[in-house]
Amino acid sequence: MKKSTKTLLARSVTLLIALFLCANAVAQTGNSKPTIVFVHGLWADGSCWSKLIAPLVDKGYKVLSVQNPTTSLEDDVAATKRVLDRAEGDIILVGHSWG
């Protein structure tokens with residue numbers, strides 16, 4: 001299996017677990033769907049999550065993707081915090097490697 005296929009599979013499994021846990025919490029509380037925030041790894045950018053974002057948006061999730069500058073850890077943390085500040089309600093944070 002190619003590395004990119006393994007990476008996509010790992011991301012998908014992680015996301016499905018997070019969505020399952022969140023769906024259970026939503027069912028119990030009756031709250032709206034959470035905002036999903038994706039944080040890319042060091043050798044990628046925010047667009048690397050595009051194949052996962054579209055289907056989630058189609059299912060009614062608000063999805064945000066952090067665009068880290070990858071200039072320093074401090075700058076990346078600041079970029080992620082800015083996106084988290086824009087998120088509404090409950091948040092599922094999905095990160096990859098550096099993210």
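These numbers come from a predicted model, not from an experiment. (Residues numbered from 1 in each chain as written. Predicted model: local features only at pLDDT ≥ 70, side-chain atom pairs only at ≥ 80, totals over all residues. Heavy atoms only, no water.)

Visitor: Which residues make up the sheet that holds strand β1 (residues 35–39), and what are the values?
Guide: Across the sheet, 3 strands lie side by side as β2-β1-β3; this open sheet has parallel pairing. The open sheet has two edge strands, β2 (62–66) and β3 (91–95), and neither has a second partner. If you compare each strand with its neighbour and ignore which way they point, the axes differ by 20 degrees on average. Packed onto the sheet, helix α3 (residues 73–86) meets β1, β2 and β3 and runs at close to 165 degrees relative to β2. (Pairing = 2+ DSSP bridges. Helix = DSSP H or I, 4+ residues; strand = E, 2+ residues; numbered from the N terminus. Axes fitted to C-alpha atoms, helices over the stretch in contact; angles between N-to-C directions. Contact = heavy atoms within 4.5 Å.)

Visitor: Account for unusual backbone geometry, naming residues and giving values.
Guide: Phi is positive for Thr70, which is not a glycine, with a value near 55 degrees. Here Thr70 is to be found in the loop between β2 and α3.

Visitor: Describe in detail the packing of aromatic side chains, supporting the description with residues and values.
Guide: Summed over the entire model, instances satisfying the criterion amount to 1 aromatic pair. Here the aromatic rings of Phe38 and Trp49 are separated by 4.5 Å at their centres, their planes lie at 25 degrees, and the arrangement is stacked. Of this pair, Phe38 sits in strand β1 while Trp49 sits in the loop between β1 and α2 (50–58), and the two are 11 residues apart along the sequence. (Phe/Tyr/Trp six-rings, centres within 6.5 Å; stacked < 30°, edge-to-face > 60°.)

Visitor: Provide a residue-level description of the nonpolar core, including the pertinent values.
Guide: Core analysis: the biggest nonpolar cluster contains 10 residues, these being Ile36, Phe38, Trp49, Leu52, Ile53, Leu56, Tyr61, Val63, Ile92 and Val94. Secondary-structure elements contributing two or more residues to this core are β1, α2 and β3. A per-element tally of this core places α2 first, with 3 residues. (Core = buried A, V, L, I, M, F, W, Y, C linked by side-chain atoms within 4.5 Å. Buried < 20%, exposed > 50% of the residue type's maximum accessible area, 1.4 Å probe, protein only.)

Visitor: Go over the environment of Asp45, please, and point to the residues and values.
Guide: Tracing the backbone shows Asp45 in the loop between β1 and α2. Residue class for Asp45 comes out partly exposed when judged on its relative accessible area of 32%. C-alpha of Asp45 to C-alpha of Ser65: the two residues are 20 residues apart in sequence and 9.1 Å apart in space. In this structure, Asp45 is in contact with His40 and Gln67, ignoring residues within four places of it in sequence. At a separation of 2.5 Å, a polar atom in the side chain of Asp45 contacts the side chain of Ser47. (Polar contact = N/O pair within 3.5 Å; in protein donor to acceptor, adjacent residues only side chain to side chain.)

Fair warning: the whole summary comes from geometry, so function is off the table for now.
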